Amino acid sequence: MMEARPAVDDAALGREAMAVLEANWTGTGTVPAPGLYPHQWSWDSAFVVIGLARHWPDRARDELLSLLRGQWATGMVPHIVFHTREAYFPGPSVWRSQEHEAAPHVLTSGLTAPPLHGLALWWLYQHTGDEAFVRNTYQALVAQHDYLASARDLGGAGLAAIVHPWESGMDDSPAWDEPLAALPVIRYGYRHVELDERHPDSDHDRYVWLAMRYRDAGYSPGYLRDEHPFAVEDPMFNGIWLASCEAMAELAPLARADPTPHVEQAARIRQAMIERLWDGCFYARDLRAGRLIRVSTVGGFGPLLDPLLPSEHLQAAVEILESARFMGATGYPVPSCEIRAAQFDRTRYWRGPSWVNTNWLLRRAAAVHSLDHLTQQLTNGTLRLVRQAGFRECFDPFDGSGRGCRDFSWSAALTLDLLA
Ligand code: 9WN
């Protein structure tokens, strides 16, 4: 049921968003939400940087620096940085980052997340003109990209593979069902809060098993290449990486660096996405099974972030996005899975609900391609969601009611950007 909320005007909505971000600041970073996610998450932080770029640039800078304190000497930016003592599962005792020579002093997870940070830095620069900050952080992001190109190109074609569903940021997306089903059935009985909205126990146990296998192999790239049973080329992860490569190419002169490697990297990713992930729309590729995972999710629109995506792919993908498979059928943008898929579930997390961050990314993609009507639709639809239901974690795409936790940082931060 739609929750009743008094009508809020733009100014009040903006104030509410700032208050959420202020409350979620721990003194060292912004937590995605109090209680449920009490540490700093990588792509959440990048969205916070983007949202605060115009409104609170000092805080945006601190947010990025704080996250980068968790970067490993390998260049890997971990998906969680544990700055606080609050319990979370899987926490530091599962990841044991302190036992790894490449890990920093601050405790972190051993997985990575969508590399949105180059785009976030570019966004911050656009709104602040702060060249010194670009110079300070540029090399860290070069190292992040080098890590992906060297340790994660498991398919050998120029794309980065995710080695765990958590690395996608879209944890229980139906795109991971097939590769997860190929893993042994695990029954640890680990429990996490509100599992019903996330993953059935058996899936969650597989997630933990997969993470611990990687940990027990010393987070080794050789193990990932030769043995790790989950390796997927995801169009959203790689579309975000491509957008960050393009952002880094534009920032390079400010850091007195050569843009060419970033331009070349972007071209490699573009070509590989088209050759390996496209078949009428973009799908994820299961490297272990050697085939595309043919379920259409919001992740399939990640490559639209590329301004140089050939127009035939752009047009075909936008047609699908606007059709009754996605936005055309729901009252609110953008369901996380196509609604005609057997796996679609409007109540379950990344299996149907709409998310502010993916809406924002698609709005960015629409703007990059000057698709003004789509840009406006995504802006208005997203603002309608948060106006009506508040800064929830995700939303029912049909009636707009809020799901998951409240006071969710990226929902607040990106609202600030949408209001601007
Ligand atoms: C696991 C923090 C994170 C987001 C992800 C979202 C969810 C965690 C979970 O929360 O993932 O990392 O417990 O399911 O899927 O996108 O970064 O907000």
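The structure presented is a predicted model; accordingly, all values stated were derived computationally and were not measured. (Residues numbered from 1 in each chain as written. Predicted model: local features only at pLDDT ≥ 70, side-chain atom pairs only at ≥ 80, totals over all residues.)

**Focus: the overall build of the chain**
Part 1: Tallying secondary structure elements over the chain gives 16 helices and nine strands in all.
Part 2: Computed over the C-alpha atoms, the radius of gyration of the chain is 20 Å, within 12% of the 22 Å expected from 2.2 N^0.38 for a compact globule of 420 residues.
Part 3: A principal-axis box enclosing the C-alpha atoms of the chain has dimensions of 55 × 50 × 50 Å.
Part 4: In the chain, which comprises 420 residues, the proportion classed as buried is 52%.
Part 5: Long-range contacts, defined as pairs at least 24 residues apart, comprise 70% of the intrachain contacts of the chain with a sequence gap of at least 6. (Helix = DSSP H or I, 4+ residues; strand = E, 2+ residues; numbered from the N terminus. Rg over C-alpha atoms; globule rule 2.2 N^0.38 Å. Buried ≥ 20, exposed ≤ 12 C-beta atoms within 10 Å, placed from the backbone. Contact = placed C-beta atoms within 7 Å.)

**Describing the site of the ligand**
Part 1: Close to the ligand lie ten residues, the nearest being Pro 32, Tyr 37, Trp 41, Gly 169 and Asp 171.
Part 2: Taken together, the residues that form the shell around the ligand break down as five nonpolar, two polar and three charged. (Near = placed C-beta within 6 Å. Nonpolar A, V, L, I, M, F, W, Y, C, P; charged D, E, K, R; others polar.)

**Things to note about the sheet that holds strand β6 (residues 284–286)**
Part 1: Read across the open sheet, the four strands follow the order β4-β5-β6-β7; overall the sheet is antiparallel. The open sheet terminates on both sides in strands that have one partner only, identified here as β4 (161–162) and β7 (291–293). (Pairing = 2+ DSSP bridges.)

**Examining the nonpolar core**
Across soluble globular proteins, you tend to see nonpolar side chains buried next to one another.
Part 1: Counting residues in each nonpolar core, the largest one holds 119 residues, and the members touching the most others are Val 49, Ile 50, Ala 120, Leu 121, Ala 161 and Ala 413.
Part 2: With eleven residues, helix α11 (residues 235–251) is the largest single contributor of residues to this core. (Core = buried A, V, L, I, M, F, W, Y, C linked by C-beta atoms within 7 Å.)

**Here's the deal with the packing of helix α3 (residues 57–68) against helix α5 (residues 117–128)**
Part 1: The geometry of α3 relative to α5 is characterised by a closest axis approach of 11 Å and an angle of 155° between their N-to-C directions. Between α3 and α5, the angle is such that the two are roughly antiparallel. Where α3 crosses over α5, the handedness of that crossing is left-handed. Contacts from Pro 57, Ala 60 and Leu 64 of α3 reach α5 at His 117, Ala 120, Leu 121, Leu 124, His 127 and Thr 128.
Part 2: When grouped by side-chain class, the residues that make up the contact of α3 with α5 number six nonpolar, three polar and no charged. (Axes fitted to C-alpha atoms, helices over the stretch in contact; angles between N-to-C directions. Parallel < 35°, antiparallel > 145°, perpendicular 65-115°, else oblique. Left-handed = near helix turned anticlockwise from the far one by under 90°.)

**Notes on the packing of α11 against helix α12 (residues 260–277)**
Part 1: The interhelical angle for the contact between α11 and α12, taken along N-to-C directions, is 160°, at an axis separation of 8 Å. Relative to α12, α11 is oriented roughly antiparallel. α12 is crossed by α11, and the crossing has left-handed handedness. On the side of α11, the interface is formed by Pro 235, Asn 238, Trp 241, Leu 242, Cys 245, Glu 246, Met 248 and Ala 249, while α12 contributes His 262, Val 263, Gln 265, Ala 266, Ile 269, Arg 270, Met 273 and Leu 277.
Part 2: Class assignment of the residues belonging to the contact of α11 with α12 gives a composition of eleven nonpolar, three polar and two charged.

**Let's talk about the environment of Val 334**
Part 1: Locating Val 334 in the fold gives a position in the loop between α13 (311–322) and α14 (356–368).
Part 2: The class for Val 334 is buried, based on 23 C-beta atoms found within 10 Å.
Part 3: Setting aside chain neighbours within four positions, we find Val 334 in contact with Val 298, Phe 326, Met 327, Ser 354, Thr 358, Asn 359 and Leu 362.

**Some words on α5**
Part 1: An ideal rise of 1.5 Å per residue puts 16 Å on twelve residues; α5 measures up with 16 Å between its terminal C-alpha atoms.
Part 2: Of all the residues in α5, the buried ones are His 117, Gly 118, Leu 119, Ala 120, Leu 121, Trp 122, Trp 123 and Leu 124.
Part 3: Gly 129 occupies a position one or two residues after α5 and carries a positive phi of about 65°. (Expected span 1.5 Å × (residues − 1).)

**Let's talk about helix α15 (residues 372–389)**
Part 1: The end-to-end C-alpha separation of α15 is 26 Å, in line with the 26 Å expected for 18 residues at 1.5 Å each.
Part 2: When α15 is considered as a whole, its buried residues turn out to be Leu 374, Leu 378, Gly 381, Thr 382, Leu 385, Val 386, Gln 388 and Ala 389.
Part 3: Two residues or fewer after α15 comes Gly 390, characterised by a positive phi angle close to 90°.

**Examining the sheet that holds strand β3 (residues 107–108)**
Paired through backbone hydrogen bonds, the strands of a sheet run either parallel or antiparallel to each other.
Part 1: Spatially, three strands are ordered β1-β2-β3 in an open sheet, and the strand pairing comes out antiparallel. Where the open sheet ends on each side, the last strands, each with one partner, are β1 (40–41) and β3.
Part 2: Of the strand pairs in this sheet, β1 and strand β2 (residues 80–82) are connected by two bridges, and their pairing is antiparallel. Directly across from Gln 40, in β2, lies its bridge partner Val 81.

**Some points on the environment of Ala 19**
Part 1: Residue placement: Ala 19 occurs in helix α1 (residues 10–23).
Part 2: Under the C-beta neighbour-count criterion, Ala 19 is labelled partly exposed, with 13 such atoms within 10 Å.
Part 3: When the C-alpha positions of Ala 19 and Ala 412 are compared, they lie 8.9 Å apart, and in sequence the two are 393 residues distant.

**Some remarks on unusual backbone geometry**
Part 1: The omega angle of the peptide bond from Phe 89 to Pro 90 is 0°, so this bond is cis rather than trans.
Part 2: Within the fold, Pro 90 resides in the loop between β2 and α4 (92–95).
Part 3: With phi around 50°, Arg 96 is a residue other than glycine that occupies positive phi space.
Part 4: Its place among the elements puts Arg 96 in the loop between α4 and β3.

**Observations regarding the confidence of the model for the chain**
Part 1: Confidence in the prediction for the chain averages 95 pLDDT; 95% of positions are at 70 or higher.
Part 2: Below pLDDT 50 for its whole length, residues 192–197 participates in nine contacts with residues either more than four positions away or in separate chains.
Part 3: Confidence estimates for the predicted assembly give a pTM of 0.96 and an ipTM of 0.98. (pLDDT = per-residue confidence, 0-100.)

**Considerations on the environment of Cys 337**
Part 1: Structurally, Cys 337 is set in the loop between α13 and α14.
Part 2: Take Cys 337: there are 29 C-beta atoms within 10 Å of it, and that puts it in the buried class.
Part 3: Cys 337 sits 280 residues away from Pro 57 along the chain, and the two C-alpha atoms are 34 Å apart.
Part 4: Non-local contacts of Cys 337, meaning those with residues more than four positions away in its chain, are made with Pro 174, Thr 297, Gln 343, Phe 344, Arg 351 and Gly 352.

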